[in-house]
Amino acid sequence: MSTSTPAVAAKGPADRVTAAAPGRRAAGRPAGRTHRAFSPWLFLAPGLLITLAFTLYPFLATVWKSFTDARTLTPGSFVGFDNFTALLDDDQFWVALRNSALYVIVVVPCLVLLPLLLALLVQRHIPGIAFFRSAYYTPVVASVVVVALMWVWMLDDRGFVNGVLHMVGVDPVPFLSDQWLLLFSSMALTVWKGLGYYMIIYLAALANVPRELHEAAEVDGAGPVRRFVSITMPSVRSTMVLVGALSAVSAFKVFSEVFMIAGPTGGPGGADTTLVMLIQRTGTGLQGRTGYASAMSIVLFLLTLALMLLVLRADRRDKD
């Protein structure tokens, strides 16, 4: 009588690998989670390093230097708020602050309204309108140095504008030697160069305004001015706030236009110096007062931040 025993299959290498695989997958899950957690930071690392090196570190260094009497070749020592209190008695600082504030008051309304009117003009589908769009945008891509030199050539005592005025019997206008005319000439350059840039922004906003609103208002007898005030402006109000904020910051930090037209001294007697020009002149050179210039930079930063907050608060109040 034979007894049969159940056959026990021997486990080979393949079976052992299969049995061990679940354990290895379970053990590998934490490593996978760690890899997924650090992967986004690896992609962000180059940008974060550049930001830390060229934005955050210079800002913190400027804040620290504003409390020192540092110069170009010496680190200086801690002096507390002496630089900021000295600004209160600095007549040149108040002149520069006045010019920068006047720049904002004049330039910002022009760059909020004129590009909108220009966008409404080039929005029309008529033959040759693409040429005018390109022509209006050309000053944006042109170098500010080249554009400023062209304006100096036109506004010089013997330039193009005064030449035309002389032909009609008008005495030459001192655009580049009179304090206020020089400053307003720089403002005109800033407005002219920024028209095309903000025009593009307004064109994108106007594309989202429903055409039916204008057609319904036209049927009700509303004229172009009424439609502009009652339909166009409310529809692009958020874009107008954006343009106002961008142009206000740019106008408050203006440098190149005034520097090229008025020269490094800031016009006759430095009367047309702006804040950024004063910071540049104070903090450069072998005897540059970098600590004092840093204090002015902090004041400029705080004023710009306050200006931005005022614009945003006004926009929020209008929405409420």
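Remember, it's a predicted structure, so these values are computed and weren't measured experimentally. (Residues numbered from 1 in each chain as written. Predicted model: local features only at pLDDT ≥ 70, side-chain atom pairs only at ≥ 80, totals over all residues. Heavy atoms only, no water.)

Engineer: Kindly report on the overall build of the chain, identifying the contributing residues and their values.
Structural biologist: Each helix and strand in the chain was counted, giving 13 helices and zero strands. Listed by position from the N terminus, the elements making up the chain come as α-α-α-α-α-α-α-α-α-α-α-α-α. Within the chain, buried positions represent 33% of all 320 residues. Relative to all contacts within the chain whose residues are 6 or more apart in sequence, the contacts with residues 24 or more apart total 68%. (Helix = DSSP H or I, 4+ residues; strand = E, 2+ residues; numbered from the N terminus. Buried < 20%, exposed > 50% of the residue type's maximum accessible area, 1.4 Å probe, protein only. Contact = heavy atoms within 4.5 Å.)

Engineer: For the packing of aromatic side chains, give the residues involved together with the corresponding values.
Structural biologist: Evaluation of the coordinates by the stated rule reveals 13 aromatic pairs. Residues Phe93 and Trp94 carry aromatic rings whose centres are separated by 5.5 Å and whose planes lie at 70° to one another, so their mutual orientation is edge-to-face. With a centroid separation of 5.9 Å and an interplanar angle of 55°, the aromatic rings of Trp151 and Trp192 are classed as tilted. With Trp151 in helix α5 (residues 144-155) and Trp192 in helix α7 (residues 179-206), this pair connects stretches of sequence that are 41 residues apart. Feature note: the residues Trp64, Phe67, Phe78, Phe81 and Phe84 constitute an aromatic cluster, connected by ring pairs. Taking the ring centre of Tyr292 as reference, the NZ or CZ of Arg289 above it sits at 4.3 Å. (Phe/Tyr/Trp six-rings, centres within 6.5 Å; stacked < 30°, edge-to-face > 60°. Lys NZ or Arg CZ within 6 Å of the ring centre and 35° of its normal.)

Engineer: Explain the packing of helix α3 (residues 91-122) against helix α9 (residues 224-235) to me, using residue names and the numbers behind them.
Structural biologist: The relative placement of two packed helices is expressed as an angle between their axes plus a distance between the axes. Interhelical geometry of α3 versus α9 gives an angle of 100° and a closest axis separation of 13 Å. Viewed along their axes, α3 and α9 adopt a mutual orientation that is roughly perpendicular. From α3, Leu113, Leu116, Leu117 and Leu120 reach across to α9, where they touch Phe228, Thr232 and Met233. Residue classes in the contact of α3 with α9 are distributed as six nonpolar, one polar and no charged. (Axes fitted to C-alpha atoms, helices over the stretch in contact; angles between N-to-C directions. Parallel < 35°, antiparallel > 145°, perpendicular 65-115°, else oblique. Nonpolar A, V, L, I, M, F, W, Y, C, P; charged D, E, K, R; others polar.)

Engineer: Please set out α9 residue by residue, giving values where relevant.
Structural biologist: For α9, the set of buried residues is Arg227, Phe228, Ile231 and Thr232. Burial along α9 is one-sided: seen end-on, the buried residues are contained in an arc of 125°. Exposed residues pointing more than 90 degrees away from the buried face of α9 are listed as Val225 and Arg226. On its buried face, α9 is in contact with α3, α7 and α8 (211-219). (Arc of directions from axis to C-beta.)

Engineer: How would you explain the nonpolar core if you had to name every residue and give the values?
Structural biologist: Core analysis: the biggest nonpolar cluster contains 59 residues, and Phe93 and Tyr103 have the highest contact counts within it. Of all the secondary structure elements, the ones that give two or more residues to this core are α2 (82-88), α3, α5, α7, α10 (237-252), α11 (256-262), α12 (275-283) and α13 (290-319). Residues contacting Tyr103, with those up to four places away along its chain left out, are Val108, Leu183, Ser186, Met187, Thr190, Ala251, Val254, Glu257 and Val258. (Core = buried A, V, L, I, M, F, W, Y, C linked by side-chain atoms within 4.5 Å.)

Engineer: Report on a nonpolar patch on the surface, specifying residues and quantitative values.
Structural biologist: A contiguous nonpolar patch, built from Leu49, Leu52, Leu56, Phe59, Leu60, Phe301, Leu302, Leu305, Leu309 and Leu312 and spanning about 910 Å² of accessible area, is present on the exposed surface. Contributing elements (two or more residues each) for the nonpolar patch: α1 (13-65) and α13. For Leu309, the location among the structural elements is in helix α13. (Patch = residues over 30% accessible without salt bridge, like charges linked within 9 Å, V, L, I, M, F, W, Y side chains within 5 Å. Areas by Shrake-Rupley, 256 points an atom, 1.4 Å probe, with all protein chains shown as cover. Salt bridge = Lys/Arg side-chain N within 4 Å of Asp/Glu carboxyl O.)

Engineer: Mind laying out the side chain of Thr304, listing which residues take part and the relevant values?
Structural biologist: Among the secondary structure elements, Thr304 is positioned in helix α13. Those residues in contact with Thr304, other than ones at most four positions away along the chain, are Val249, Phe252 and Lys253.

Engineer: Report on the packing of α5 against helix α6 (residues 160-167), specifying residues and quantitative values.
Structural biologist: Between α5 and α6, whose axes approach to 4 Å, the crossing angle comes to 20°. Classified by the angle their axes make, α5 and α6 are roughly parallel. Along the contact surface, α5 presents Trp153, Met154 and Leu155, while α6 presents Phe160, Val161 and Asn162. Looking at the contact of α5 with α6, its residues break down into five nonpolar, one polar and no charged.

Engineer: Tell me about the environment of Val152, residues and numbers included.
Structural biologist: In this structure, Val152 sits in helix α5. Residues Val152 and Leu176, 24 residues apart in the sequence, show an inter-C-alpha distance of 7.7 Å. Setting aside residues up to four positions removed in sequence, Val152 forms contacts with Leu176, Met260 and Ile261.

Engineer: An account of the environment of Leu242 is requested, with residue identities and associated values reported.
Structural biologist: For Leu242, the position within the fold is in helix α10. Since its relative accessible area comes to 43%, Leu242 is described here as partly exposed. When the C-alpha atoms of Leu242 and Val112 are compared, they prove to be 9.2 Å apart, with 130 residues separating the residues in sequence.

Engineer: Give me the lowdown on the confidence of the model for the chain, citing residues and values where you can.
Structural biologist: A residue-level look at the chain finds 88% of positions with pLDDT of 70 or above and a mean pLDDT of 85. Ignoring residues within four places in sequence, the model shows residues 1-11, a span with pLDDT below 50, making two contacts including any to other chains. Within the model, the stretch residues 13-28 combines pLDDT values under 50 with three contacts to residues more than four positions away or in other chains. (pLDDT = per-residue confidence, 0-100.)

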